[in-house]
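Structure at a glance
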Amino acid sequence: MSVETFRIGFLPLVDAALPILAHELGFAAREGVAIELVRDMTWATVRDRLLYGHTDAAHMIAPLAIATALGRDRPAVPMAVPFVLGLNGNAVTFSVALARDVGLGDALGDPAVIGAALRDVAAARKAAGKPLRFGVVHRYSSHNYMLRYWLAGVGIRPDADVEIVVTSPPFAADALAAGEVDGICVGEPWNSIAVERGVGHIALATAQIWRRGVEKVLAMREAVIDERRDAVEALLRALHAAAAHFVEPGTAEESADILARPEYLGASRDAVLRAITDRIRLVPGSEPIHYPDFMFQYREAANFPWRSQAAWLYSQMLRWDRADYSAADAATAAAVFRPDVYRAALAGSGAPLPGASSKLEGGIGEPLGAGSTQGRLVLGSDRFFDGRAFDPDDIQGYLADFS
Amino acid sequence: MRIAIIDTSTTRAAIISDGLREAGLDDLVLIDPAGALVAQIEAAKPEVILVNLENPSRDLLEDFFAMSRALARPIAMFVDQSDTEATGAAIDAGVSAYVVDGLSKQRIKPVIDLAVRRFQAFSRLQRELDEAKNALAERTVIDRAKAILMKRRTIDEPAAYALLRGQAMRTNRRIAEIAEAIVTSDALLGDME
């Protein structure tokens, strides 16, 4: 049997872990596929290589895959997301000056309390003609949507009271250091690197904004799934095995060693290790604190592409682009996530497979048993910080509630 | 047709603009990648923007295009995405292009084709430069190895060179490799007589 190769594009971020480890630790080889990793510096380039067939799949911010399928800012290309590479794992980091002005402590605070203090600072800065400026990694990123969700939730209008600009993850700490932005919302290890350099203070983990927020996905052109279905399923099994290994106790050191290497993240091994063990150093020189599920890679079928999560991202796209709801677009967005492919790949493996493809997002407080066709599935809290829930069948009602 | 060029390599930007000028496209604006990108583009109002694929500012640029009032119409990479061969060649060469929507394919195609050829010419130049640098470094290390041999064995230069070459032939390695080994061991063991 010949070995099929998948060229996978990625950005130097901790949550590119699964394809990197699937390659390095032999999980791909065991499934009869090969992975070749292609490192880039911007999401635009990761996406372009994918669209034009330079790569077969990509580590990608989930909203960008959906925006591409919807033809936002460019001709539409049918996209497929058969696997989620992780939930959360991002943070909001303030400049040292803003942290002082907002009165950040040395523990993770309540998003509502920090938000209220931030609102006063934002108003003062706006009145002084120098509005606060935040950097996010892409217009179509979960970072942009999480930050906006939080700001709006505490009474700060993202497009009127502050400025939100785009900066590539590897340059986010630089932008903070140079004073180009007052805060960043970015993935690890770039928050920790800002803290290590003494230019930032972590204010919130994005998991505090949405406890189970969908983050990076494995994105492909839909055509690749159709043409290489068997190999794609083998690849998903390899990624799933890598995820299981990733959360095994005692593997973190080895994973950090691999990820920190120059050809992957080229970043501080200690910062990577902290991120994958859910420990974050909030303030320069302080002891890292433990925040459970800061980054979420495996449990609770975390890799399952819930269509309701794609629908939530579509709702945020409408909310912040001030676009009108379209039933056709909503259907296209939800269909980018492919639970059917995930189920086919992992059938018979013992991995829990949810019976449904969609759920109420933000509706679970205490751990809850969920219907599954295979394995036992318990879902943990998936609350939004403001307590709202998202019903994927009523996007318009959800959005109307915010205005 | 006004074309803006944004490139992290000023040499490559110069090579591209020379090529475009030769082809009669002389309404060019070179954007300084270290300066304020958005303000420069806003001032230039280009119809085509050529940017190197690995440019770290691409996400920022796309955000700007999406929100832009200066460039009123939406922007897409490559006018005709069905021409996969041309787009593939552009990606291979490392060029990406943003085109003001509505510009006809006939007008934009030659610009992209030319940019691709100039990017390739630049890569060739870069390769030749690297090779020349390597050759220069090799010559330096061979000279140093010869000097070490001359001093240690009190022989003349042709004899030192003959020693190097003889060892290289016997061990089936390049003279530069042998020379490097001598220089390294001299650095480590030089004061042991």
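Since the structure is predicted, the reported quantities are computational estimates derived from the model, not experimental observations. (Residues numbered from 1 in each chain as written. Chains lettered and ligands numbered in written order. Predicted model: local features only at pLDDT ≥ 70, side-chain atom pairs only at ≥ 80, totals over all residues. Heavy atoms only, no water.)

**Focus on the overall build of chain B**
Across its full length, chain B carries 7 helices and 5 strands. Listing each helix as α and each strand as β along chain B from the N terminus yields β-α-β-α-β-α-β-α-β-α-α-α. Since a compact globule built from 193 residues should have a radius of gyration of about 16 Å, the 26 Å found for chain B marks it as more spread out than a globular shape. Principal-axis analysis of the C-alpha atoms places the extent of chain B at approximately 75 × 30 × 25 Å. (Helix = DSSP H or I, 4+ residues; strand = E, 2+ residues; numbered from the N terminus. Rg over C-alpha atoms; globule rule 2.2 N^0.38 Å.)

**Considering the overall build of chain A**
A count of helical and extended segments in chain A gives 17 helices and 18 strands. In terms of overall size, chain A behaves like a compact globule, its C-alpha atoms giving a radius of gyration of 20 Å where 403 residues would be expected to give roughly 22 Å. In terms of overall dimensions, chain A has a C-alpha envelope of 65 × 45 × 40 Å along the principal axes. The buried share of chain A, taken over its 403 residues, is 60%. Summed over its atoms, the accessible surface of chain A is roughly 13,800 Å², and 49% of this surface lies on carbon and sulfur atoms. (Buried < 20%, exposed > 50% of the residue type's maximum accessible area, 1.4 Å probe, protein only. Areas by Shrake-Rupley, 256 points an atom, 1.4 Å probe, with all protein chains shown as cover.)

**Details of the packing of aromatic side chains**
Residue and element names in this part refer to chain A. Tallied over the full model, the rule gives 17 aromatic pairs over all chains. Grouping aromatic residues by their ring pairs yields a cluster made of Tyr149, Trp210, Trp312, Phe384, Phe385, Phe390, Tyr398 and Phe402. Across the ring face of Phe296, the terminal group of Arg212 is positioned such that the distance to the ring centre comes to 4.1 Å. The side chain of Lys359 reaches across the aromatic face of Trp306, ending 5.0 Å from its centre. (Phe/Tyr/Trp six-rings, centres within 6.5 Å; stacked < 30°, edge-to-face > 60°. Lys NZ or Arg CZ within 6 Å of the ring centre and 35° of its normal.)

**Quick word on the pattern of salt bridges**
With the rule as written, the count across this model stands at 47 salt bridges over all chains. Across the salt bridge formed by Asp40(A) and Arg49(A), the nearest N and O atoms sit 2.7 Å from each other. The residue Arg152(B) makes a salt bridge to Asp186(B) at a minimum N-O spacing of 3.6 Å. Here Arg152(B), found in helix α5 (residues 105-153), pairs with Asp186(B), found in helix α7 (residues 175-189); they are 34 residues apart in sequence, far enough to count as distant. A cluster of three or more residues bridged by salt bridges with shared partners is formed by Arg47(A), Asp48(A), Arg74(A), Arg58(B) and Glu62(B). (Salt bridge = Lys/Arg side-chain N within 4 Å of Asp/Glu carboxyl O.)

**A short note on the interface of chain B and chain A**
Each partner contributes residues to the interface: chain B has 19 residues there, and chain A has 18 residues. Both sides together, the interface formed by chain B and chain A hides about 1,800 Å², and carbon and sulfur atoms give 53% of it. Put simply, chain B and chain A have 3 salt bridges between them. Put simply, chain B and chain A have 8 residue pairs in polar contact (both at pLDDT 80 or more) between them. Secondary structure elements with two or more residues in the side of chain B that touches chain A: α3 (58-67), β4 (75-77) and α4 (84-93) of chain B. In terms of residue class, the side of chain B that touches chain A is made up of 10 nonpolar, 4 polar and 5 charged. (Contact = heavy atoms within 4.5 Å. Buried area = accessible area lost by both parts, 1.4 Å probe. Polar contact = N/O pair within 3.5 Å; in protein donor to acceptor, adjacent residues only side chain to side chain. Nonpolar A, V, L, I, M, F, W, Y, C, P; charged D, E, K, R; others polar.)

**Notes on the sheet that holds strand β7 (residues 133-136) of chain A**
All names here are of chain A. Taken in spatial order, the 5 strands of this open sheet run β8-β7-β9-β6-β10, and their pairing is mixed. Both edges of this open sheet fall to β8 (163-166) and β10 (200-205), since each of them pairs with a single strand only. Adjacent strand axes in the sheet meet at a mean angle of 25° when their direction is disregarded. Where helix α6 (residues 111-127) meets the sheet, its contacts fall on β6 (90-95), β7 and β10, and the angle it forms with β10 comes to roughly 130°. Strands β6, β9 (183-187) and β10 of the sheet are contacted by helix α8 (residues 169-177), whose axis makes an angle of about 160° with β9. (Pairing = 2+ DSSP bridges. Axes fitted to C-alpha atoms, helices over the stretch in contact; angles between N-to-C directions.)

**Structural notes on the nonpolar core**
In this structure, Phe94(A), Leu118(A), Trp150(A), Leu218(A) and Phe337(A) are the most contacted members of the largest nonpolar core, which totals 156 residues. Of all the elements, helix α11 (residues 229-246) of chain A adds the most residues to this core, at 10 residues. Setting aside residues no more than four positions away along its own chain, Trp150(A) makes contact with Val92(A), Phe94(A), Pro111(A), Ile114(A), Gly115(A), Leu118(A), Leu204(A), Ile209(A) and Phe385(A). Counting 22 residues, the second-largest nonpolar core is a separate cluster that includes Ile16(B), Val48(B), Leu50(B) and Ala93(B). (Core = buried A, V, L, I, M, F, W, Y, C linked by side-chain atoms within 4.5 Å.)

**Overview of the layout of surface pockets**
Looking at the largest pocket, its volume works out to about 1,400 Å³. Residues of the lining of the largest pocket, tallied by class, amount to 24 nonpolar, 8 polar and 15 charged. (1 Å grid on protein atoms, 1.4 Å probe; cavity = no way out; pocket = protein on both sides within 12 Å on 5 of 7 lines; lining within 4 Å. Points joined across faces, edges and corners; volume = space filled by probe spheres on them.)

**Here's the deal with empty space enclosed by the protein**
All names here are of chain A. In total, this model carries 2 cavities of 30 Å³ or more according to the counting rule given. Empty space within the second largest cavity amounts to approximately 110 Å³. The wall of the second largest cavity is formed by 14 residues, among which Leu87, Glu300, Trp306, Gln309 and Lys359 lie closest to the centre. For the lining of the second largest cavity, the residue count by class is 8 nonpolar, 2 polar and 4 charged.

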